[in-house]
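Chain by chain, the residues run as shown.
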Amino acid sequence: MALNPRDLNKYRADARAGHKLMTPEERLKLFQPYLPPPPPRSRSSSPRVDEITNARSSSSSSSASASRTRQDRKTRLGVRRFLLRQYHQLVFVIIHIFFSVYIRLRQAYHAVANRFYSVYYYHHRTPELIRRDVKGLRKLPKHLSVILTLDDQGRRSAGLERLMNEVADVAAWCASAGIPELSVYEKTGFLKEFLPETHLAISQQLRSYFGRDRPSLSVRAPHMPAIESARSSSHLHGSAGGGGIGSSSSSGDEDDSSGFHLSVLLISAEDGRDSMVDLTKTLAEMSQRKKLKPDDISMELVDAELTESIMSEPDLLILFGPHVELSSYPPWQIRLTEIFHVPDNQGVEYQVFYRGLRKYAQAQMRKGR
Amino acid sequence: MSDLYLSRIRNWFLSSPPAEWALNRLRSTLVGALAQGPIPGHVAFEMDGNRRYARSHKIETIEGHSLGFEALARVLEVCYRCGVKVVTVYAFSLENFHRPKYEVDGLMQLAKVKLEQIIQHGELLDRYGASVRVLGRLDLIPPDVLEVVERAMAATAHNTECVLNICFPYTSREEMTTAIRSTVEEYSTTPRPHSTAFSQSRITQKLLSKQAVSPEALESIRESPSPPSSDEHELDQDHDHDDAVSTATTLHSSDSTTALKSGCDGKEADEAAAAGLEDSDDNGKTAASPRIYPNPETITPETIERHMYTAGCPPLDIFVRTSGVERLSDFMLWQCHQGTHIFFLKCFWPEFDLWHFLPVLVEWQWRQKQKARDSERARRRLKQE
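Predicted model, so just to flag it, every value in this text is computed and none were measured. (Residues numbered from 1 in each chain as written. Chains lettered and ligands numbered in written order. Predicted model: local features only at pLDDT ≥ 70, side-chain atom pairs only at ≥ 80, totals over all residues. Heavy atoms only, no water.)

Enquirer: Lay out the overall build of chain B in plain terms, naming residues and giving numbers.
Expert: The secondary structure content of chain B amounts to 16 helices and six strands. By residue count, 53% of the 385 residues in chain B fall in the buried class. Summed over its atoms, the accessible surface of chain B is roughly 17,500 Å², and 57% of this surface lies on carbon and sulfur atoms. (Helix = DSSP H or I, 4+ residues; strand = E, 2+ residues; numbered from the N terminus. Buried < 20%, exposed > 50% of the residue type's maximum accessible area, 1.4 Å probe, protein only. Areas by Shrake-Rupley, 256 points an atom, 1.4 Å probe, with all protein chains shown as cover.)

Okay, structure coming up:
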């Protein structure tokens, strides 16, 4: 229990003097009233308690037989415990009733607020608007990571299409804001199987945002070759080569976007713990062949390997879910990543993205100092 | 001015005996009530904001840390009364060594004094059945503190009810690296010999005699009795050994020992690796030759988990970070990863109390209920289809 102010002051005075003011006995006496009863778990201690109660009861009522009083005590204790339990359960139910009312209210409030934000901050598919939003920010993440979920309601194809649209949206926002690296985490890894399709979806989205003068794009997944597209001349439109020249000539007035390259990385649960397990396997094999001593394994080595084969540490992680749950996100890489989520939010929206960037700009890094 | 008066009056009121009694009743009722629902098995606290609290209240930094310790005691009490099995706290990061020396020394002294208190009042922790464990780079702790740390761990080791993990000089990346390193060590130290019903020497002789006839036949023999793939993924440390393995490994005893020792990576080393590959995940009982290693392919996340500092602890359910910073900051990265609910709270750690922890716990319980309901619904839908 929380100490009452008098005892707390006594304790603090003692602590300030390096615990030399009081003897251990005095200190124990100070804490005694706050301690819970000795745990009933150990069977060895229960006879002792019984003896005490027995002694007390026999002294108070000498007429009753010792065994009967003991039983009497026990049942009364049982009844009391039972009542206490019922009481606690009642309070528990009440707490949860109130809490579910509270959380409904909170969700409603957040839903309204999010609606407001999404009207207030809207991109209108114009990079200029996004750029204007971002302009005031002190710093931007170099590497942004998002967690998306595959909404697997029966049919996979519908979920996949939605997921691809979401990826394309986020990628377009990143390109507009000037974030060069985006990693998209999706737990099942379903998206990775559709690398070319994802590339197509993103480049179409970029076209609808930027028109002819769009940034170059590469989409890749760990251990898979990247799909690149040169700036403004995607391999889908072989005739767009002229546009490429046009954009490079117009780079004078739009140097922000035209020299810009966006790389999108798709990762999944297997790039998390499993990749570390794979690394361990390789290291163990090397060690078994005496190519490496276990002492050679350092943080730098592991970091270099994981950065090389999976990805570097993202600066900002945006979750579009209602609460923070990492769901098997790569553990090594999120060391100092700023984690952003909007409470009770559902769905991928620009306002979440923008607020995440704003939050990141305000955050300060101390690194334990 | 009126603010000051108000807070005085409030303090006076709160310290009056009836109010105090009522508050205490309320606390124990709430704790008792919470214990009726699902209870997280493992909770981690990142105790952030002691210094900022000290700065905002214009007290010494080290005072802030002392208040932080009091907050920790309060929270531990709530946790253990609710029935939380393991509480992990982040007390000191490896990065914290970069702080000014006087503060580092102060923190070390604080830790020493508090741990000495724990040793002195062992019965306090016994009441909760709690044992203290210090996790991290113990070799970086100054020797006088380390001695106290070890005594405190020994003094409470007999308690099994619940555990307090204090991450002392700790970072999660260091923990993961150590786990990887010790896994590699485990897999590259030679297992001890064992005995089966089959005589290995007899098998070897038989095989060698065949080898003498045709060296190519060796390959087929080695390949054919290789354990099935399901066996390779066997997690169990002491499942029975395939004798095919011992044949394969004893077979190359003459040539691959030297090959390995010289660090050569030709065909022979490959063969030795193949021998290792065929070997199943087994520590205790393998053939006598010194080059049999457990198969690295049998390493699983659970293997690495066993080498973490938090080995044996239930999976992390709740992660709480105070002071409004929304980062993990190198704490419990490996553990936070799956079903952990992460809460970032605005308050500074010294202010942290039941009133801050209660909403977290209730929300967690609510989400658990929600999750159960969702999965129930999904199952029903599946059944209908």
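Having seen it, we continue.
Enquirer: An account of the packing of aromatic side chains is requested, with residue identities and associated values reported.
Expert: Two measures describe an aromatic ring pair: the distance that separates the ring centres and the angle between the ring planes. All names here are of chain A. Counted under the stated rule, the structure contains 26 aromatic pairs over all chains. It is Lys139 that lies over the ring of Tyr360; its NZ or CZ is 4.8 Å from the centre. The cationic tip of Arg355 hangs over the ring face of Tyr117; the distance from NZ or CZ to the ring centre is 3.9 Å. (Phe/Tyr/Trp six-rings, centres within 6.5 Å; stacked < 30°, edge-to-face > 60°. Lys NZ or Arg CZ within 6 Å of the ring centre and 35° of its normal.)

Enquirer: Could you give an account of the pattern of salt bridges, naming the residues involved and the relevant values?
Expert: Between side chains of opposite charge, pairing is possible as soon as their charged atoms come close. According to the stated counting rule, one finds 32 salt bridges over all chains in the structure shown. The salt bridge partner of B:Glu363 is B:Arg367, with a shortest N-O separation of 3.0 Å. On the criterion of helical spacing, the pair formed by B:Glu363 and B:Arg367 is a turn pair, its members being four residues apart in helix H16 (residues 354–384). Judged by its relative accessible area of 10%, B:Arg367 is buried. Bridged by salt links that share partners, the residues A:Asp303, A:Glu313, A:Arg335, B:Arg173 and B:Asp330 form one connected network. (Salt bridge = Lys/Arg side-chain N within 4 Å of Asp/Glu carboxyl O.)

Enquirer: Outline the sheet that holds strand E1 (residues 42–46) of chain B, listing residues and values.
Expert: Overall, mixed pairing links the seven strands, which are arranged E7(A)-E6(B)-E5(B)-E1(B)-E2(B)-E4(B)-E3(B) in an open sheet. Looking at strand neighbours, the two that pair on one side only are strand E7 (324–325) of chain A together with strand E3 (130–135) of chain B, the edges of this open sheet. Of the pairings in the sheet, the one linking E7(A) to strand E6 (residues 341–344) of chain B comprises two bridges and is antiparallel in character. Among the inter-strand pairings, A:Val324 is bridged to a residue of E6(B), identified as B:Ile342. (Pairing = 2+ DSSP bridges.)

Enquirer: Tell me what's going on with the pairing of strand E5 (residues 261–267) of chain A, and back it up with residues and numbers.
Expert: All names here are of chain A. Taking burial as the measure, the seven residues of E5 include six buried ones, the bulk of the element. Two elements, strand E2 (residues 181–186) and E5, share five bridges in a ladder whose sense is parallel. Across the sheet, Tyr185 pairs through a bridge with Ile267, a residue of E5. Sheet topology note: the strand E3 (residues 216–220)/E5 ladder contains five bridges and is parallel. In the strand pairing of E5, Leu217 is matched with Leu262.

Enquirer: Break down the nonpolar core for me, with residues and values.
Expert: Residues B:Phe45, B:Val87, B:Phe352 and B:Phe357 are the most contacted members of the largest nonpolar core, which totals 66 residues. Beyond its immediate stretch of four places on either side in the chain, B:Val87 contacts B:Val43, B:Phe45, B:Leu76, B:Cys79, B:Tyr80, B:Val163, B:Leu164 and B:Asn165. Counting 51 residues, the second-largest nonpolar core is a separate cluster that includes A:Ile130, A:Val167, A:Leu195 and A:Val264. (Core = buried A, V, L, I, M, F, W, Y, C linked by side-chain atoms within 4.5 Å. Contact = heavy atoms within 4.5 Å.)

Enquirer: I'd like to hear about the pairing of strand E5 (residues 318–321) of chain B, residue by residue, with values.
Expert: Residues and elements named next belong to chain B. Burial along E5 is two-sided: Ile318 and Val320 facing one way and Phe319 and Arg321 facing the other are all buried. Alignment of E5 against E6, held across four bridges, turns out to be parallel. Paired with Arg321 across the two strands is Phe344, which belongs to E6.

Enquirer: Give me the lowdown on the interface of chain A and chain B, citing residues and values where you can.
Expert: Listed as interface residues are 84 residues of chain A and, on the opposing side, 89 residues of chain B. Summed over the shared surface of chain A and chain B, the number is eight salt bridges. The residue B:Arg327 makes a salt bridge to A:Glu338 at a minimum N-O spacing of 2.5 Å. Seen at the junction of chain A and chain B, the total is 16 residue pairs in polar contact (both at pLDDT 80 or more). If you list the elements that add at least two residues to the side of chain A that touches chain B, you get helix H1 (5–16), helix H2 (24–31), helix H4 (66–120), helix H10 (273–288), helix H11 (299–309), E7 and strand E8 (338–341) of chain A. At 14 residues, H4(A) tops the list of elements feeding residues into the side of chain A that touches chain B. (Polar contact = N/O pair within 3.5 Å; in protein donor to acceptor, adjacent residues only side chain to side chain.)

Enquirer: How would you sum up helix H12 (residues 350–362) of chain A? Please name residues and give values.
Expert: Compared with an ideal rise of 1.5 Å per residue, which puts 13 residues at 18 Å, H12(A) spans 19 Å between its outermost C-alpha atoms and is within 8% of the ideal. Burial within H12(A) is extensive, with ten of its 13 residues counted as buried. (Expected span 1.5 Å × (residues − 1).)

Enquirer: So what about the confidence of the model for chain B? Which residues, and what values?
Expert: Residues and elements named next belong to chain B. Scored by pLDDT, chain B comes out at a mean of 78, with 76% of its residues at no less than 70. In this model, residues 215–289 is a region of pLDDT below 50 whose contacts with residues beyond four sequence positions or in other chains number 127 contacts. In the model output, the complex is listed with pTM 0.77 alongside ipTM 0.80. (pLDDT = per-residue confidence, 0-100.)

Enquirer: Let's hear about the environment of A:Gln204: which residues, and what values?
Expert: With respect to the secondary-structure elements, A:Gln204 resides in helix H7 (residues 195–210). With 32 residues separating them along the chain, A:Gln204 and A:Ala172 place their C-alpha atoms 9.7 Å apart.

Enquirer: Could you give me a rundown of the sheet that holds E5(A), with the residues and numbers involved?
Expert: Residue and element names in this part refer to chain A. Taken together, seven strands build an open sheet; the order of strands is E4-E3-E5-E2-E1-E6-E8 and the sheet is mixed. Since the sheet does not close on itself, it has two edges, and those belong to strand E4 (227–229) and E8, each with one partner. Geometrically, the sheet is characterised by an average inter-axis angle of 15 degrees between neighbouring strands, direction not taken into account. As defined by bridge partners, strand E1 (residues 143–148) adjoins E2 across six bridges and the pair is classed as parallel. Among the inter-strand pairings, Leu144 is bridged to a residue of E2, identified as Leu182. (Axes fitted to C-alpha atoms, helices over the stretch in contact; angles between N-to-C directions.)

Enquirer: I'd like a rundown of the packing of H1(A) against H2(A), residues and numbers included.
Expert: All names here are of chain A. Where H1 meets H2, the closest approach of the two axes is 11 Å, and the angle between their N-to-C directions is 150 degrees. It follows that H1 is roughly antiparallel to H2 by the angle criterion. You can see that H1 and H2 cross each other, and the crossing is left-handed. Contacts from Asp7, Lys10, Tyr11 and Asp14 of H1 reach H2 at Arg27, Leu30 and Phe31. Class assignment of the residues belonging to the contact of H1 with H2 gives a composition of three nonpolar, no polar and four charged. (Parallel < 35°, antiparallel > 145°, perpendicular 65-115°, else oblique. Left-handed = near helix turned anticlockwise from the far one by under 90°. Nonpolar A, V, L, I, M, F, W, Y, C, P; charged D, E, K, R; others polar.)

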